[in-house]
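Residue-level structure breakdown
Here is how the chains run, residue by residue.
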Amino acid sequence: MRKVLMGNHALSYGAMLSRVQVIAAYPITPQTQVVELLSEMCAEKILDAQFIKVESEHSAMAACLGASLAGARTFTATSAQGLALMHELLHWASGGRLPVVLGNINRAMAPGWSIWTDQNDSLSQRDTGWMQFYCGSNQEVLDSVIQAFKVAEKLHIPAMIILDAFSLSHTYEIVDVPDQEKVDKFLPPFQPKFRLTPDEPHAFGGLTSPEHYFELRYKLQKDMEKAPALIEETGQEFEELFGRKLGLVDPYKCDDAEIILVTSGTTGYTARVAVDHFREKGLKVGNLRIRVLRPFPFEKVQSILSHAKKVAVIDRNISYGHHGIFYQEVKSALYGNSSVPVFGYITGLGGRDITLNTFQKIIEETQRNETPPERISWIGVKK
Amino acid sequence: MKKQQPTKKIIFHSEKEMPLAPYSLGSMLHNRTGAWRNIRPEINLENCIQCGICWKFCPDVAIYIENEYPVVDYTYCKGCGLCAEECPVKCITMVEEEK
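Residues numbered from 1 in each chain as written. Chains lettered and ligands numbered in written order. Predicted model: local features only at pLDDT ≥ 70, side-chain atom pairs only at ≥ 80, totals over all residues. Heavy atoms only, no water.

Describing the overall build of chain B
Of regular secondary structure, chain B possesses 2 helices and 4 strands. When the helices and strands of chain B are placed in sequence order, the string is β-α-β-β-α-β. Relative to the 2.2 N^0.38 estimate, which gives 13 Å for 99 residues, the radius of gyration of chain B is 16 Å and therefore markedly larger than a compact globule would have. Along the three orthogonal principal directions, the C-alpha set of chain B runs to about 50 × 30 × 20 Å. Scored against the burial criterion, the 99 residues of chain B give a buried share of 33%. Excluding contacts between residues fewer than 6 apart, the proportion of contacts in chain B whose partners are at least 24 apart in sequence is 63%. When the accessible area of chain B is evaluated, it comes to approximately 6,700 Å², of which 51% is carbon and sulfur surface. Each charge class in chain B was averaged separately, 12 positive and 13 negative side chains, and the resulting centres sit 7 Å apart. (Helix = DSSP H or I, 4+ residues; strand = E, 2+ residues; numbered from the N terminus. Rg over C-alpha atoms; globule rule 2.2 N^0.38 Å. Buried < 20%, exposed > 50% of the residue type's maximum accessible area, 1.4 Å probe, protein only. Contact = heavy atoms within 4.5 Å. Areas by Shrake-Rupley, 256 points an atom, 1.4 Å probe, with all protein chains shown as cover. Lys, Arg positive; Asp, Glu negative; His and termini not counted. Charge placed at Lys NZ, Arg CZ, Asp CG, Glu CD.)

Re the interface of chain A and chain B
Every contact between the two is made by 22 residues of chain A and, on the other side, 16 residues of chain B. Both faces combined, the contact of chain A with chain B buries some 1,700 Å², and carbon together with sulfur accounts for 65% of it. Area buried by chain A at its contact with chain B is led by Leu207, His212 and Lys219 of chain A, which between them contribute 35% of it. If you look at where chain A meets chain B, you find 1 salt bridge. In this structure, Glu15 of chain B engages Lys219 of chain A in a salt bridge whose closest nitrogen and oxygen atoms are separated by 3.7 Å. Where chain A packs against chain B, one counts 8 residue pairs in polar contact (both at pLDDT 80 or more). With 5 residues, the top contributor of residues to the side of chain A that touches chain B is helix H8 (residues 213–242) of chain A. Looking at side-chain class alone, the side of chain A that touches chain B contains 7 nonpolar, 8 polar and 7 charged residues. (Buried area = accessible area lost by both parts, 1.4 Å probe. Salt bridge = Lys/Arg side-chain N within 4 Å of Asp/Glu carboxyl O. Polar contact = N/O pair within 3.5 Å; in protein donor to acceptor, adjacent residues only side chain to side chain. Nonpolar A, V, L, I, M, F, W, Y, C, P; charged D, E, K, R; others polar.)

A word on the nonpolar core
Residues and elements named next belong to chain A. Met61, Phe75 and Met131 are the most contacted members of the largest nonpolar core, which totals 100 residues. Counting residues per element, this core draws most heavily on helix H6 (residues 138–155), which supplies 9 residues. Lining this core are residues from two domains, each supplying at least three of them: domain 1 (2–242) and domain 2 (251–379). If sequence neighbours within four positions are ignored, Met61 has contacts with Thr76, Met86, Leu89, Leu90, Val100, Leu102 and Trp130. (Core = buried A, V, L, I, M, F, W, Y, C linked by side-chain atoms within 4.5 Å. Domains from an automatic or database assignment.)

Quick word on the packing of aromatic side chains
All names here are of chain A. By the definition in use, this model includes 7 aromatic pairs over all chains. Ring centres of Phe186 and Phe238 lie 5.3 Å apart, and the angle between their planes is 85°; this geometry places the pair in the edge-to-face category. Of this pair, Phe186 sits in helix H7 (residues 180–186) while Phe238 is found in helix H8, placing the two residues 52 residues apart along the sequence. Accessibility expressed as a relative area gives 0% for Phe186, which makes it buried. A residue is classified by how much of its surface remains accessible, and Phe238, at 0% relative accessible area, is buried. Ring pairing ties together the aromatic residues Phe186, Phe238 and Phe242, which thus form one cluster. A cation over a ring is seen here: Arg73 above Phe149, with NZ or CZ 5.5 Å from the ring centre. (Phe/Tyr/Trp six-rings, centres within 6.5 Å; stacked < 30°, edge-to-face > 60°. Lys NZ or Arg CZ within 6 Å of the ring centre and 35° of its normal.)

Quick word on the domain arrangement of chain A
Residue and element names in this part refer to chain A. Domain parsing of chain A yields domain 1 (2–242) and domain 2 (251–379). Taking the mean C-alpha position of each, domain 1 and domain 2 sit 28 Å from one another. Between domain 1 and domain 2, the residue contacts involve 29 residues of the former and 23 residues of the latter. Buried surface at the junction of domain 1 and domain 2, both sides included, amounts to about 2,100 Å², of which 52% is carbon and sulfur. The largest share of the area that domain 1 buries against domain 2 comes from Gln119, Arg126 and Tyr134, three residues that together contribute 26% of it. Scanning the region where domain 1 abuts domain 2 turns up 5 salt bridges.

Here's the deal with unusual backbone geometry
Negative phi values dominate among residues other than glycine, just as trans dominates among peptide bonds. All names here are of chain A. The omega torsion across Thr29 and Pro30 is 5°, close enough to zero to call that bond cis. Tracing the sequence through the fold places Pro30 in the loop between strand S2 (22–25) and helix H2 (32–43). Omega for the bond connecting Arg294 with Pro295 falls within 30 degrees of zero, at -5°, which places this linkage in the cis form. Among the secondary structure elements, Pro295 is positioned in the loop between strand S12 (292–294) and helix H10 (298–305).

Observations concerning the sheet that holds strand S6 (residues 131–134) of chain A
All names here are of chain A. Ordered in space as S3-S2-S4-S5-S7-S6-S12, the 7 strands form an open sheet in which the pairing is mixed. Every interior strand has two partners, whereas the edge strands, strand S3 (50–53) and S12, have only one. Looking at each pair of strands side by side, their axes are set apart by 20° on average, direction ignored. Summarising the sheet, strand S4 (residues 74–79) and strand S5 (residues 101–106) pair through 5 bridges and their orientation is parallel. When the sheet's bridge partners are listed, Ser79 is paired in S5 with Ile105. (Pairing = 2+ DSSP bridges. Axes fitted to C-alpha atoms, helices over the stretch in contact; angles between N-to-C directions.)

Points about the sheet that holds strand S11 (residues 285–290) of chain A
Residue and element names in this part refer to chain A. Spatial strand order, S9-S11-S10-S13-S14-S15: 6 strands in an open sheet with mixed pairing. Edge positions in the sheet fall to strand S9 (249–252) and strand S15 (377–378), since each of these pairs with one other strand and no more. With 5 bridges connecting them, strand S13 (residues 310–315) and strand S14 (residues 342–346) associate as parallel partners. The residue bridging Ala312 from the neighbouring strand is Phe343, located in S14.

Some details on the packing of helix H3 (residues 57–69) of chain A against helix H4 (residues 80–95) of chain A
Residues and elements named next belong to chain A. One way to put it is that H3 packs onto H4 with a least axis distance of 7 Å and a crossing angle of 25°. The angle between the axes of H3 and H4 places the two elements in the roughly parallel class. The handedness of the crossing between H3 and H4 comes out as right-handed. Within the contact between the two elements, H3 uses Glu57, His58, Ala60, Met61, Ala62 and Leu65 and H4 uses Gly82, Leu85, Met86, Glu88, Leu89, Leu90, Trp92 and Ala93. In the contact of H3 with H4, the residues fall into 10 nonpolar, 2 polar and 2 charged. (Parallel < 35°, antiparallel > 145°, perpendicular 65-115°, else oblique. Left-handed = near helix turned anticlockwise from the far one by under 90°.)

Okay, structure coming up:
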């Protein structure tokens, strides 16, 4: 059924259709509506799940871990400071191999206190061992939740579904909400490889000496390396049933492009407007939207970008003392594989709008320079 | 409820044999945390009402039940004092360890 949904409610519907059994969450702007609607669904018995109210995000994730360990399909959602407060337990989820799915609404980190979008909150959690999916539309949000559960539960690795504050979370779009029956066919109940049950007591998370810790980490990485193929395969299976395709990356007019703009999140759709605008003027521009940052889609990024003459990476985030984080990721993927010059741009921090004009400046600067400048290019900063 | 019997230390020789997560690795049995203790719980069994609260609350499973009464396993007891705090008849006293 087609509905007009805000991004936050697309997350709720995704969780509902995935038949989550336990939800533990703490409200924070701009995430609140996600769990508000889920709590209503639980109260009205549309969704047969336990909704656990907690006193903090740290407790929310702790409750999710307990539930997941008992074998329940578990969901939570948060933003910025809330995600930061969960940090310790994000490691517990991945190290404990618990396939929790978390919706994170990208909100800039305080101070200065901000509720508007940028990616530093989720990117600060890049190395916690979670898969990260950056969404570009509300439909993609809903579809990603369902697919993420399937991938996460097969690999026993948790997954984060990430969407921009306001430009997606509070923006209404037409979303196809698939039939429950069809989703059930795609996503069977969670069959954990291990769990805690009173019938068969186990100790979980106990002391792990140097004798064994190293191997546990090796196993997590080895399973993470299986994720790219599984994400693609799951996306194809989803397409066969629902007619919508999602993969590791989402290229737009990249085949013959001389300049490829690399983006993530909703910035990708603005970039497409810029691509069409510049193509009308005769300039061959393309857009590569990176949907999955972890596991990093090395092969896709290498094969698509190495055909271009120039690559421009747009970061709505920064690693202070280095550069934009997607910029670093793309450069490291191309190193030794391609000599295409990669330009990095920082823009849109703290919810500053990224518009056609922003892309115009980026494309012009990329055209003007033969090689990337040593200094960071800030687009739109008031100097 | 019974006292933990010493078992052979679990050592995996290949990652392939290991569980995905730190799941029943048996490591705490070989981690003799009793050496951390500064104060020790002593139970006055004359006043004990056999409620089992100390056994239930002990975070290190260092209290076991023998002949229907609680016994502290000093090999593992860290001396946190939770049992003494929770005992409803206050028959557990925390006594300073001698150097």
